[in-house]
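Summary of the model geometry
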Amino acid sequence: MNINGSIALVTGGNRGLGACLVDELLRQGASKVYLASRGPVTVDDPRVQVISLDVTEPESVEAAAKAAPDVTLLVNNAGVLGFGSVLDGDLDLFERDMRTNYMGALRVARAFLPALRHGGDTAIVNVLTLIALAPAGPMAGYSASKAAAHSMTQALRSAVAGDGVQVVGAYPGGIDTDMLAGVEAEKADPRVVASRIVAGVARGDTTIWPDDASAGAGEVYLNDPARLERMLAG
Ligand SMILES: NC(=O)c1ccc[n+]([C@@H]2O[C@H](COP(=O)([O-])OP(=O)(O)OC[C@H]3O[C@@H](n4cnc5c(N)ncnc54)[C@H](OP(=O)(O)O)[C@@H]3O)[C@@H](O)[C@H]2O)c1
């Protein structure tokens with residue numbers, strides 16, 4: 001889709017990758033960006049409109065869709081990560097991940113779809129993760145929630161085929177944000193990830209590998225999914 005002149009909404013736009021996506025969308029020509037956040041945020045760019053949104057609260061999602069009826073590019077970025085293995089991870093954390101990363105993203109997509117389906121050149125971007133495609137052992141609940149969101153992305157793509165809505169899955173590797181603070185791993189600069197996601201949407205991509213690690217691993221996944229599973233398990 002054409003980013004220039006688009007009206008975007010970024011969930012979890014207050015920090016981390018979401019804040020970089022807000023900046024990048026403006027840099028690439030979005031005329032307005034709704035910065036959706038659970039908590040208060042102060043911004044002084046007149047092109048940015050802050051709106052309140054908790055993706056796990058149906059009333060909050062409905063109110064956001066009413067407050068932002070002109071959105072043409074929805075970015076489902078908000079997410080949480082509870083660490084834990086499939087054998088003994090805290091199931092409350094598994095549920096929280098599922099409620100936020102899968103149900104939350106689905107709820108937001110549904111709320112904005114009526115406007116997007118009639119909006120012409122429109123898109124939904126779901127920020128997923130490489131480990132949606134094969135799990136990382138210490139993040140088993142998170143991986144499962146993002147695998148569910150990956151499946152939802154595919155289902156949505158076919159459900160709205162023909163309506164002119166570009167449905168995009170972005171599959172980053174590790175990113176240097178609060179989410180992975182304290183974890184020793186290769187981490188991409190969130191500004192680079194944001195710029196590659198927005199560039200991919202502008203190109204019309206429906207699958208985006210937005211950093212060097214995910215581009216390499218994505219290649220593996222496309223050729224040999226079982227090999228990626230072994231790589232991430234290791
Ligand atoms: N960091 C990584 O290595 C990595 C890798 C691949 C994919 N991702 C994905 O990238 C996206 C952004 O993550 P990040 O790295 O920027 O993490 P982050 O720095 O922890 O930021 C998470 C954002 O999500 C928001 N959020 C969480 N729960 C929410 C809810 N119920 N309603 C609304 N907003 C909520 C947070 O808001 P508050 O400030 O209110 O908490 C915050 O703005 C996530 O979907 C994540 O899964 C991250």
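Owing to the predicted nature of the structure, the values given are computational and were not obtained by experimental measurement.

1. A short note on the UniProt feature "domain: Ketoreductase" (unreviewed entry) in the chain
Look at the UniProt record and you will see "domain: Ketoreductase" (unreviewed entry) annotated at residues 6-177. Helix makes up 40% of residues 6-177 and strand makes up 19%, while its end C-alpha atoms are separated by 26 Å.

2. A word on the nonpolar core
In terms of nonpolar packing, the biggest core is built from 29 residues, with L21, L25, L73 and V201 touching the most fellow members. Put simply, the parts of the chain that give this core at least two residues each are β1 (7-11), α1 (16-27), β2 (32-37), β4 (73-76), β5 (122-127), β6 (165-170) and α5 (190-203). Counting 26 residues, the second-largest nonpolar core is a separate cluster that includes I7, A105, M152 and L156.

3. Digging into the site of the ligand
Around the ligand, 28 residues are found, and the nearest of them are N14, R15, N77, Y142 and T177. Taking R15, its side chain carries an N or O atom lying 2.7 Å from an oxygen atom of the ligand. A distance of 3.3 Å separates an oxygen atom of the ligand from a polar atom in the backbone of G79. Considering the ligand on its own, with 900 Å² of exposed area, one finds that the protein chains cover 93% of that surface. Sorting the residues of the shell around the ligand by element identifies α1 and α4 (140-159) as the ones contributing at least two each. Across the shell around the ligand, the residue classes tally to 12 nonpolar, 11 polar and five charged.

4. Thoughts on the packing of aromatic side chains
Going through the model one piece at a time under the given rule, you end up with one aromatic pair. Arranged with centres 5.3 Å apart and planes meeting at 40°, the rings of Y171 and W209 form a pair that is tilted. Placement of Y171 in the loop between β6 and α5 and of W209 in the loop between β7 (207-208) and α6 (212-223) is noted, with a sequence separation of 38 residues between them.

5. Re empty space enclosed by the protein
Under the counting rule described, the total for this entry stands at two cavities of 30 Å³ or more. Here the largest cavity defines a volume of roughly 50 Å³. Taken together, N76, N77, A78, N101, A105, N126, V127, L128, K146 and A149 make up the lining of the largest cavity. Broken down by secondary-structure element, the contributors of at least two residues to the lining of the largest cavity are α3 (91-117), β5 and α4. Within this model, the second largest cavity holds a volume of roughly 40 Å³.

Scoring rules and cut-offs
- Residues numbered from 1 in each chain as written.
- Predicted model: local features only at pLDDT ≥ 70, side-chain atom pairs only at ≥ 80, totals over all residues.
- Heavy atoms only, no water.
- UniProt positions renumbered as here; feature names shortened; annotations may be inferred.
- Helix = DSSP H or I, 4+ residues; strand = E, 2+ residues; numbered from the N terminus.
- Core = buried A, V, L, I, M, F, W, Y, C linked by side-chain atoms within 4.5 Å.
- Buried < 20%, exposed > 50% of the residue type's maximum accessible area, 1.4 Å probe, protein only.
- Near = heavy atom within 4 Å.
- Polar contact = N/O pair within 3.5 Å; in protein donor to acceptor, adjacent residues only side chain to side chain.
- Areas by Shrake-Rupley, 256 points an atom, 1.4 Å probe, with all protein chains shown as cover.
- Nonpolar A, V, L, I, M, F, W, Y, C, P; charged D, E, K, R; others polar.
- Phe/Tyr/Trp six-rings, centres within 6.5 Å; stacked < 30°, edge-to-face > 60°.
- 1 Å grid on protein atoms, 1.4 Å probe; cavity = no way out; pocket = protein on both sides within 12 Å on 5 of 7 lines; lining within 4 Å.
- Points joined across faces, edges and corners; volume = space filled by probe spheres on them.

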